[in-house]
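Coordinates in review
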Amino acid sequence: MSTPPLAGAGMPPGAFSGAQAQAAREVNTASLCRIGQETVQDIVFRTMEIFQLLRNMQLPNGVTYHTGTYQDRLGKLQEHLRQLSILFRKLRLVYDKCNENCAGLDPVPIEQLIPYVEEDGSKHDDRGAASQLRFASEERREIMEVNKKLKQKNQQLKQIMDQLRNLIWDINAMLAMRN
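Since the model is a prediction, treat every value here as computed from it, not as a measurement.

Calculation notes
- Residues numbered from 1 in each chain as written.
- Predicted model: local features only at pLDDT ≥ 70, side-chain atom pairs only at ≥ 80, totals over all residues.
- Heavy atoms only, no water.
- pLDDT = per-residue confidence, 0-100.
- Helix = DSSP H or I, 4+ residues; strand = E, 2+ residues; numbered from the N terminus.
- Contact = heavy atoms within 4.5 Å.
- Buried < 20%, exposed > 50% of the residue type's maximum accessible area, 1.4 Å probe, protein only.
- Polar contact = N/O pair within 3.5 Å; in protein donor to acceptor, adjacent residues only side chain to side chain.
- UniProt positions renumbered as here; feature names shortened; annotations may be inferred.
- Expected span 1.5 Å × (residues − 1).
- Disulfide = S-S within 2.5 Å.

On average, the protein chain scores 80 in pLDDT, and the residues at 70 or more come to 75%. Mean pLDDT in the protein chain bottoms out at helix 1 (residues 15-25), which sits at 51, and peaks at helix 2 (residues 29-56), which reaches 91. Confidence over residues 1-16 falls short of pLDDT 50; this stretch has 6 contacts with residues more than four positions distant or in other chains.

Structural data, given as structure tokens:
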């Protein structure tokens, strides 16, 4: 960031404040959105700091606690809350200004914002929808068949695992009897 020139450095005292006010009036919506985004990030950061302070702060529940430390942390917490309130007011101003700038714009339907390739003729649309429906039903049927086969395989695997478990049990029982 560059620092503004001093009033005594070749400019009359009121010239810079007039240029600054004119620049503030010419702020476009995109820069307002950027300022709003930065403000939201500041709000999130301040909120995280508040929660960090609250997590580290002990409740005054009769335990000996240094009053100075408590007052210091309470002061920090109140300062963060005050700054958070200022940031929310700033965000509200940015929001109102963006709405004011966009009030005269005609809303564009969402469908126009999504690029897609149109097919010629309505006949193709009916055929395309029918073919998509047929494809979807075939795909569903295939999925159902695969699920059925998968359940059968799972049952077979369960039977094999049960047989192996019984075999291992029998072997262990025989070894125990021999000893």
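On to the side chain of Ser31, then. Looking at where Ser31 falls in the secondary structure, it is placed in helix 2. On the basis of relative accessibility, which here comes to 19%, the residue Ser31 falls in the buried class. A distance of 2.7 Å separates polar atoms of two side chains, one belonging to Ser31 and the other to Asn28.

Within the UniProt annotation, "coiled-coil region" (unreviewed entry) is assigned to residues 133-170. Spanning residues 133-170, this segment combines 100% helix with 0% strand, and its end C-alpha atoms are found 55 Å apart.

As a further point, take helix 3 (residues 67-102). Owing to its 3.6 residues per turn, the α-helix aligns residues three or four sequence positions apart on the same side. Helix length check: helix 3, at 36 residues, gives a terminal C-alpha distance of 52 Å against a target of 52 Å (1.5 Å per residue), a fit within 8%. Turning to helix 3, its buried residues are Leu77, His80, Leu84, Leu87, Val94 and Cys98. For helix 3, the secondary structure elements touched by its buried residues are helix 2.

Time to look at the state of the cysteines. Inspection of the entire model under this criterion finds 0 disulfides. Considering cysteine sulfurs only, Cys33 is the nearest to Cys98, which forms no disulfide, with 4.2 Å between them. For Cys98, a relative accessible area of 12% corresponds to the buried category. Cys102 carries a free sulfur, and the closest cysteine sulfur to it, the one in Cys98, is 6.2 Å from it. Since its relative accessible area comes to 34%, Cys102 is described here as partly exposed.

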